[in-house]
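Descriptive analysis of the structure
Listed below, chain by chain, are the residues.
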Amino acid sequence: MLIRLARPIQRDSIVDGEGLRTVIWTQGCAHKCFGCHNPSTHSFDGGFAQDIDELKKQIKNSHNQDGITLSGGDPFFQLDASIEIATYSQSIGLNVWAYTGYTFEQLMLLANKNDKVLMLLQQIDVLVDGRFELSKRSLDWKFRGSKNQRIIDVKKSLKGNKPIIITKYNKNNSYNILNKKSQHIYV
Ligand code: SF4
């Protein structure tokens, strides 16, 4: 199986979820958020095709990581590959965060028509959901680009059939505490 990536995996990220993380930059996104920081990831023909087994080896060889983060792009546009990577990562003890332009509620509606959406959600621990909204952009909020985006406990949300927000992330990030300007814009 192949996955389309926007760029090679990135190890040791501390800004794409909690802890030290390996980020999988998936290629392809149809949300077209105005002000998106990563427009080069939108095309479904862009980036490059990566063999999944090779990607698994790279993930396994990423030492001292707390988990992986599926970002992009939007990993929900490559369901088979994202399920495979998330399931594998869980099997070797890595937790899974994912970023998507869909809201949790939209994903639950999509899951009624496509089982694979639910299969992917079941392999995700934390979901950062919703489109990037330029008018709500914030460099201060942890792990997200605009204040409408939520950081969701997926297992609890699936159990309760409603989004359960992880409130400990509802605070400013450390860059702000140090009075430094972050150069990273989360999308
Ligand atoms: S901000 Fe994210 S969801 Fe929105 S268009 Fe860009 S990559 Fe897609």
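All of these numbers come straight from a predicted model, not from anything done at the bench.

1. Let's talk about the overall build of the protein chain
Looking only at helices and strands, the protein chain has six helices and eight strands in total. Going from N to C terminus, the protein chain has its helices and strands arranged as β-β-β-β-α-β-α-β-α-α-β-β-α-α. Relative to its length of 187 residues, the protein chain is compact, with a C-alpha radius of gyration of 15 Å against a globular reference of 16 Å. For the protein chain, the C-alpha atoms occupy an extent of roughly 45 × 35 × 30 Å along the three principal directions. Within the protein chain, the fraction of its 187 residues that count as buried is 37%. The contacts of the protein chain with a sequence gap of at least 6 include a subset with a gap of at least 24, amounting to 69%.

2. Re the confidence of the model for the protein chain
This prediction gives the protein chain a mean pLDDT of 92; 91% of its residues lie at or above 70. Predicted confidence is poor over residues 175-185, with pLDDT under 50, and the contacts of this stretch with residues over four places away or in other chains come to nine contacts.

3. A short note on the sheet that holds strand E3 (residues 21-25)
Pairing within the open sheet is mixed, and its six strands lie in the order E2-E3-E5-E6-E7-E8. Bordering the open sheet on either side are strand E2 (10-13) and strand E8 (150-153), each of which pairs with just one other strand. In this sheet, neighbouring strand axes are inclined to one another by 25° on average, regardless of whether the strands run parallel or antiparallel. Pairing geometry for strand E7 (residues 126-129) and E8, over four bridges, is antiparallel. If you follow valine 128 over to E8, its bridge partner there is isoleucine 151.

Scoring rules and cut-offs
- Residues numbered from 1 in each chain as written.
- Predicted model: local features only at pLDDT ≥ 70, side-chain atom pairs only at ≥ 80, totals over all residues.
- Helix = DSSP H or I, 4+ residues; strand = E, 2+ residues; numbered from the N terminus.
- Rg over C-alpha atoms; globule rule 2.2 N^0.38 Å.
- Buried ≥ 20, exposed ≤ 12 C-beta atoms within 10 Å, placed from the backbone.
- Contact = placed C-beta atoms within 7 Å.
- pLDDT = per-residue confidence, 0-100.
- Pairing = 2+ DSSP bridges.
- Axes fitted to C-alpha atoms, helices over the stretch in contact; angles between N-to-C directions.

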